[in-house]
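# Observations on the three-dimensional arrangement
Okay, here's what each chain looks like letter by letter:
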Amino acid sequence: MVDLTTTYLGLKLKNPLVASSSPLTEKVENVKRMEEAGVSAIVMYSLFEEQIIHESLELDYFLNQGTESFAESLTYFPNMGRYTLAPDKYIERLERTKKAVSIPVLGSLNGVSTGGWTSYARKIQDAGADGLELNMYYLPTDIDMTSDLLEQTYLRLVSDIRSTVKIPLAVKLAPYFTALPNFAKRLADAGVDGLVLFNRFYQPDMDLENLEVVPNLVLSSSNDLRLPLRWIAILYGKVKADLALTSGVHTAEDALKALMAGANVAMTTSAILKSGMQAVPSILKGMEEWMVAHEYESVTQMRGSMSQGAVADPAAFERANYMKVLNSFNPEFV
Ligand SMILES: Cc1cc2nc3c(=O)[nH]c(=O)nc-3n(C[C@H](O)[C@H](O)[C@H](O)COP(=O)(O)O)c2cc1C
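First things first, this report covers the structure right here in the doc. This structure is a prediction, so every number in the text was calculated from the model and none was measured. (Residues numbered from 1 in each chain as written. Predicted model: local features only at pLDDT ≥ 70, side-chain atom pairs only at ≥ 80, totals over all residues. Heavy atoms only, no water.)

### Section: the packing of helix 9 (residues 252–261) against helix 11 (residues 279–293)
The geometry of a pair of packed helices is captured by two quantities: the angle between their axes and the separation between those axes. Their axes nearest at 8 Å, the elements helix 9 and helix 11 cross at an angle of 65°. Here helix 9 and helix 11 pass one another in a crossing that is right-handed. On helix 11, the residues that touch Ala252, Ala255, Leu256, Leu259 and Met260 of helix 9 are Ile283, Gly286, Met287, Trp290 and Met291. In terms of residue class, the contact of helix 9 with helix 11 is built from nine nonpolar, one polar and no charged. (Axes fitted to C-alpha atoms, helices over the stretch in contact; angles between N-to-C directions. Helix = DSSP H or I, 4+ residues; strand = E, 2+ residues; numbered from the N terminus. Left-handed = near helix turned anticlockwise from the far one by under 90°. Contact = heavy atoms within 4.5 Å. Nonpolar A, V, L, I, M, F, W, Y, C, P; charged D, E, K, R; others polar.)

### Some thoughts on the pattern of salt bridges
Oppositely charged side chains can pair when the atoms bearing their charge come close. Within this structure, the stated rule accounts for eight salt bridges. We note a salt bridge from Glu151 to Arg186, for which the minimum N-O separation is 2.3 Å. Of this pair, Glu151 sits in helix 6 (residues 147–162) while Arg186 sits in helix 7 (residues 180–189), and the two are 35 residues apart along the sequence. Accessibility expressed as a relative area gives 8% for Glu151, which makes it buried. (Salt bridge = Lys/Arg side-chain N within 4 Å of Asp/Glu carboxyl O. Buried < 20%, exposed > 50% of the residue type's maximum accessible area, 1.4 Å probe, protein only.)

### Comments concerning the site of the ligand
Not every one of the 20 residues close to the ligand is listed here, only the nearest: Ser21, Ser46, Asn135, Ser220 and Ser270. One of the side-chain N or O atoms of Thr246 is found 2.8 Å from an oxygen atom in the ligand. One nitrogen or oxygen atom from the side chain of Ser270 is found 2.5 Å from an oxygen atom belonging to the ligand. For the ligand, whose unbound accessible area comes to 610 Å², protein coverage reaches 93%. (Near = heavy atom within 4 Å. Polar contact = N/O pair within 3.5 Å; in protein donor to acceptor, adjacent residues only side chain to side chain. Areas by Shrake-Rupley, 256 points an atom, 1.4 Å probe, with all protein chains shown as cover.)

### Some remarks on the environment of Leu132
Relative to the helices and strands, Leu132 resides in strand 7 (residues 131–135). Each C-alpha atom, one on Leu132 and one on Thr178, is 26 Å from the other, the two residues being 46 residues apart in sequence. When near neighbours in sequence (up to four residues on either side) are disregarded, Leu132 contacts Gly107, Ser108, Leu109, Ala121, Ile124, Ile161, Ile167, Pro168, Leu169 and Ala170.

And the structure:
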């Protein structure tokens, strides 16, 4: 038998496969099914800053009937669609989920600005969450916003939440940072226990007939693994934070690559959405079989074995690989 146990955010997990934040973790029943299928922890779907502010604006409206402020402010907020669950319902759902399963349950907050809404971090802690994942999803479209200013904004939010809760804190990031290793280091210095790499940016499409921008959510494939894989391999051993890989974990091989790059856990959502709960035992069984066949005894033994820790100059290594890849391509029609 191989030892699949791992640690993440100070939690001891029975294996490295974690269900990431998605509508799959919305219903307690589904979380129970995921636990039975074998995931070692789950991240709840996100509670959005906009949801919390929206609710407090509604309260304002009732307190100041007759003012125009409510209607005007509402125009800035999206139609919440499925994310209509009132913030307090989220907390109640978290409490129920926590009682229903024995695997660790992490809460998820999604926002970018500091302010009153961050008090929900404490409510998530008080509801019994084993940790909190903070998803900082923001597209800097303002031409005057510099990368430094954006990073400062994120770091302020992280410090704010870090001083609010004692439970482990992970931050889920987008891949588009000019100098990711330095930012990752500063996040760890600000008290972040884990980095979740990467958030998938849902890129909208255009409908030419109706001249509309249309949201378009495409589930991932194993090809999406490469971006987080590379960065986890680069960051492993360099930042004082655990690493979780999210995006593109569909097979046992994907999860094994994540661990070898240096991840503590491999997170998955699209695989379950595409293939159902059986994706989980299939990945776990495949991992065990591969480890036995290749004489690995434990996840700990494998972890980081293919990271860039042993590479003296990772930037030069990356450029060399870049040239190698370009050279390896021989188009027949040229
Ligand atoms: C339908 C759907 C809803 C999602 N909702 C959230 C969310 O509320 N919060 C969050 O942090 N990530 C959310 N995600 C992102 C996933 O947690 C995950 O990071 C992403 O799908 C990449 O992993 P995958 O390749 O395994 O799907 C969502 C993904 C999908 C497909």
